[in-house]
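# Working through the structure, step by step
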Amino acid sequence: MGYNKAREERKWKKWKKDEENILRQEGMPESKIIELRQYDWRIFNSERRFREKQFTNNNLMDYIGIIYSTTNKRF
């Protein structure tokens, strides 16, 4: 199964919202919370770019199966 950006982004936004609520309760300045959010968003996008191009074992097995079936046809 490939990388699902929409699902991962929803999970990230929920985690970030919960984290920001805790930081506000602890008295962190809003400017630092915004700075942290921007940093975390850059990290999320960096990981997303990597995972979208990642070739998983499932993809590899599908690829090998296609190659095998097309090269070993019996007439």
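Residues numbered from 1 in each chain as written. Predicted model: local features only at pLDDT ≥ 70, side-chain atom pairs only at ≥ 80, totals over all residues. Heavy atoms only, no water.

### Thoughts on the packing of helix α1 (residues 5–25) against helix α2 (residues 30–53)
- Running from N to C, α1 and α2 point in directions that differ by 160°, and their axes come no closer than 11 Å. Put simply, α1 runs roughly antiparallel to α2. The chirality of how α1 crosses α2 is right-handed. Of α2, the residues touching α1 (which contributes Lys5, Glu8, Glu9, Trp12, Trp15, Lys16, Glu19, Glu20, Leu23 and Arg24) are Glu30, Ile33, Leu36, Arg37, Asp40, Trp41, Phe44, Arg48 and Glu52. (Axes fitted to C-alpha atoms, helices over the stretch in contact; angles between N-to-C directions. Helix = DSSP H or I, 4+ residues; strand = E, 2+ residues; numbered from the N terminus. Parallel < 35°, antiparallel > 145°, perpendicular 65-115°, else oblique. Left-handed = near helix turned anticlockwise from the far one by under 90°. Contact = heavy atoms within 4.5 Å.)

### Here we look at the pattern of salt bridges
- Considering all chains together, one arrives at 10 salt bridges under this definition.
- Its salt-bridge partner being Glu8, residue Lys11 comes within 3.3 Å of it at the nearest N-O pair. Within this pair, Lys11 and its partner Glu8 are both found in helix α1, separated by three residues, close to a single helical turn.
- Here Glu30 ties to Arg24 by a salt bridge, and the two come within 2.9 Å at their closest N and O atoms.
- Judged by its relative accessible area of 39%, Glu30 is partly exposed.
- Shared partners join several salt bridges into a network, and the residues in it are Lys5, Glu9 and Lys13. (Salt bridge = Lys/Arg side-chain N within 4 Å of Asp/Glu carboxyl O. Buried < 20%, exposed > 50% of the residue type's maximum accessible area, 1.4 Å probe, protein only.)

Worth remembering: the numbers are spatial, not functional.
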